[in-house]
Protein chains: 2
Amino acid sequence: MRDEKLSPEELAAWRAVVESSQRLLITIEDDLRKASELTLADYNVLVQLAEAPGRRLRMGDLATKLIFAPSRLTYQIGTMEKRGLVTREPCPDDRRGSEAVLTEAGLAALRAAAPGHLGSVRRHFIEDLDAADLAALTKIFTRIDERLSAARTESR
Amino acid sequence: MRDEKLSPEELAAWRAVVESSQRLLITIEDDLRKASELTLADYNVLVQLAEAPGRRLRMGDLATKLIFAPSRLTYQIGTMEKRGLVTREPCPDDRRGSEAVLTEAGLAALRAAAPGHLGSVRRHFIEDLDAADLAALTKIFTRIDERLSAARTESR
DNA sequence: CGGAAGTTGTTCAGATTTGAAAGAACAGGT
DNA sequence: ACCTGTTCTTTCAAATCTGAACAACTTCCG
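Numbering of residues starts from 1 in every chain and runs along the sequence as written. For naming, the first written chain is A and the first written ligand is 1, with later ones following in the order written. Given that the model is predicted, a residue must reach a pLDDT of at least 70 before its local features are reported, and side-chain atom pairs must reach 80 or more before they are shown or counted; all residues, however, enter totals for whole chains, interfaces and linings. Side-chain calculation: all heavy atoms of the structure are included, whereas hydrogens and water are not.

As recorded by an unreviewed UniProt entry, chain A carries the name DNA-binding transcriptional regulator, MarR family and is attributed to Asanoa ishikariensis.

Here you go:
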């Protein structure tokens, strides 16, 4: 807070993480789109719904999981609904809310895309890592995330 | 390539990296915007130009450094030009090209924003890491980046 | 109960981003 | 000089994303 500079090592780490995670995502999204008619956002929606009990989630919960602004999710689900991947249903116990529900077609699309996508993740990311790297990354980013959400909670 | 699944450890690492680097960037961009009238994209443009010899860069080079699609950079520089942060000049030796040039106002904006931004990076990212973490991240992401650009070169 | 205060999801307008197409200029051979 | 193929940047329209404002509910107290 006082020392508002970064050492060369700190700066190198920061830039390496930001730049290559960005390039990594772009590459993986390109792979996904070439192989499947799905955006990475589409894919992530499908994953979240597939993992959710009843294959359905409140819009708000889904937005949180995806780190999407509410209006973005409304739009996202709108386009997926047009393509038949999801349905929107009113929420039974809270009449303000609605739920996104995975359709059979959505599940099929996910199943069709998953192997290729996971292969891409393996090829571009996992293959470069040994078990120690994996553990280190998980530990580091999990901790960062915890601190971030703690900070977010405080500032309200 | 054959085994197109990920182990729980692999999946956990992948999700942790993607999610928290995303949240991290959002948080840091929020900080920057609250403190400065600049987007993270604006800031990165300013940094690249400030570090470049003559404080100027060809559009294409800048686009590569920022991982921006060409048309995106055109737009980006357009908005920054309106705000007086950069200028556009025709490239002397190649009449197809143009250069983005940092203005005094742009440099001043960068200098004004940098301490706060770097403080934010330290607070949300660096502070959670010890020296070993830093070294591990740099090593890992540098290697990933090398592989990615190698793969990109091949596929053309 | 009654109503202030908070939630939830959508809508709308405007900003940004993408991708394809085009225009201009370079480079290499012929 | 003259093609032919490339590269560089911009333009344009369409797709996506953001943030503020809103309508419909819910909750919480008094």
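Undergrad: In this structure, what is going on with the protein's contact with DNA strand D? I would like to understand it.
TA: Being near a molecule or strand, for a residue, comes down to having at least one heavy atom within 4 Å of it. Around DNA strand D lies a shell of 16 residues, among which Tyr75 of chain A together with Gly60, Thr74, Arg88 and Arg96 of chain B are the nearest. Within 4 Å of the protein, the contacting atoms of DNA strand D are drawn from sugar and phosphate to the extent of 64%. Between a base oxygen of DNA strand D and a side-chain N or O atom of serine 71 of chain A, the distance comes to 3.0 Å. At 2.8 Å, a side-chain N or O of arginine 88 of chain B approaches a phosphate oxygen of DNA strand D. Among the secondary structure elements, those contributing two or more residues to the surface near DNA strand D are helix H4 (70–82) of chain A together with helix H3 (59–66) and helix H4 (70–82) of chain B. Within 3.5 Å is the distance limit for a polar contact, defined as a pair of N or O atoms, with the added protein rule that one can donate a hydrogen and the other accept it, and that residues adjacent in sequence qualify only through two side-chain atoms. Numbering of helices and strands runs from the N terminus; a helix is a DSSP stretch of H or I covering at least four residues, while a strand is a stretch of E covering at least two.

Undergrad: Help me understand the protein's contact with DNA strand C in this model?
TA: The environment of DNA strand C is made up of 16 residues, and the closest members are Gly60, Thr74, Arg88 and Arg96 of chain A together with Tyr75 of chain B. Counting only atoms of DNA strand C within 4 Å of the protein, the fraction found in sugar and phosphate groups is 70%. Between DNA strand C and methionine 59 of chain A, the relevant distance is 3.4 Å, taken from a phosphate oxygen to a main-chain nitrogen or oxygen of the residue. One of the side-chain nitrogen or oxygen atoms of threonine 74 of chain A is found 2.8 Å away from a phosphate oxygen of DNA strand C. For the surface near DNA strand C, the elements supplying multiple residues, two or more each, are helix H3 (59–66) and H4 of chain A together with H4 of chain B.

Undergrad: Before we go on, may I ask you to explain the interface of chain A and chain B in this structure?
TA: How big an interface is tends to be stated in terms of accessible area lost as the parts join. Taken together, the contact between chain A and chain B spans 55 residues of the former and 54 residues of the latter. Here chain A and chain B share an interface that buries about 5600 Å² over both sides, 65% of which is from carbon and sulfur atoms. A pairing counts as a salt bridge when a side-chain nitrogen of Lys or Arg comes within 4 Å of a carboxyl oxygen of Asp or Glu. For the interface between chain A and chain B, the tally reads 12 salt bridges. If you look at where chain A meets chain B, you find 16 residue pairs in polar contact (both at pLDDT 80 or more). Residue contributions to the side of chain A that touches chain B peak at 19 residues, all from helix H1 (residues 8–36) of chain A. Polarity classes work like this: nonpolar for Ala, Val, Leu, Ile, Met, Phe, Trp, Tyr, Cys and Pro, charged for Asp, Glu, Lys and Arg, and polar for all others, with Gly in that last group. Residue composition of the side of chain A that touches chain B, grouped by class: 26 nonpolar, 10 polar and 19 charged. Contacts are assigned to residue pairs that have any heavy atoms within 4.5 Å of one another. Values labelled buried area give the accessible surface lost by two parts on being combined, using a 1.4 Å probe and summing over both.

Undergrad: Which parts of the structure should I look at to understand the nonpolar core?
TA: Soluble globular proteins tend to pack their nonpolar side chains together in the buried interior. Put simply, a nonpolar core is a bunch of buried Ala, Val, Leu, Ile, Met, Phe, Trp, Tyr and Cys residues held in one set by side-chain atoms that sit within 4.5 Å of each other. Here's how the labels work: a residue is buried when its accessible area is under 20% of the maximum for its type, exposed when over 50%, partly exposed in between, all with a 1.4 Å probe on protein chains only. Ranked by internal contacts, the top residues of the largest apolar core, which has 92 residues, are Phe125 and Phe141 of chain A together with Phe125 and Phe141 of chain B. Beyond its immediate chain neighbours, meaning those up to four positions away, phenylalanine 125 of chain A contacts Leu24 and Leu137 of chain A together with Ala13, Trp14, Val17 and Ile144 of chain B.

Undergrad: Is there a simple way to explain the UniProt feature "domain: HTH marR-type" (unreviewed entry) in chain A in this structure?
TA: In the numbering used here, UniProt assigns the "domain: HTH marR-type" (unreviewed entry) feature to residues 10–146 of chain A. Taken end to end, residues 10–146 of chain A has its terminal C-alpha atoms 20 Å apart, with 71% of it in helix and 9% in strand. UniProt positions are given in the numbering used here, feature names are shortened, and annotations may be inferred rather than shown by experiment.

Undergrad: Honestly, the relation of the copies chain A and chain B in this entry has me stumped. Any pointers?
TA: Rotating chain A by 180° and moving it 0.0 Å along the rotation axis overlays it on chain B with an RMSD of 0.1 Å. The transformation relating the two chain copies, once decomposed into turn and shift, fits a two-fold axis. Both copies share a contact surface, since 98% of the interface residues of chain A are interface residues in chain B too. The least-squares superposition of copies is restricted to C-alpha atoms, and to residues with a pLDDT of at least 70 in both copies.

Undergrad: Explain empty space enclosed by the protein here, please?
TA: Over the atoms rolls a probe the size of a water molecule, and in doing so it shows where empty space is left. Definitions used throughout: a 1 Å grid over protein atoms alone; a cavity as a set of points that fits a 1.4 Å probe which cannot get out; a pocket as an open set with protein on both sides within 12 Å along at least five of seven lines; a lining residue as one with an atom within 4 Å of a point. Grid points are joined across faces, edges and corners, and a volume is the space filled by probe spheres set on the points. Following the criterion strictly, the structure yields one cavity of 30 Å³ or more and no others. A volume near 30 Å³ is recorded for the largest cavity. Only H1 of chain A together with helix H1 (8–36) of chain B provide two or more residues apiece to the lining of the largest cavity. It is H1 of chain B that contributes the most residues to the lining of the largest cavity, four residues altogether. Residue composition of the lining of the largest cavity, by class: five nonpolar, two polar and no charged.

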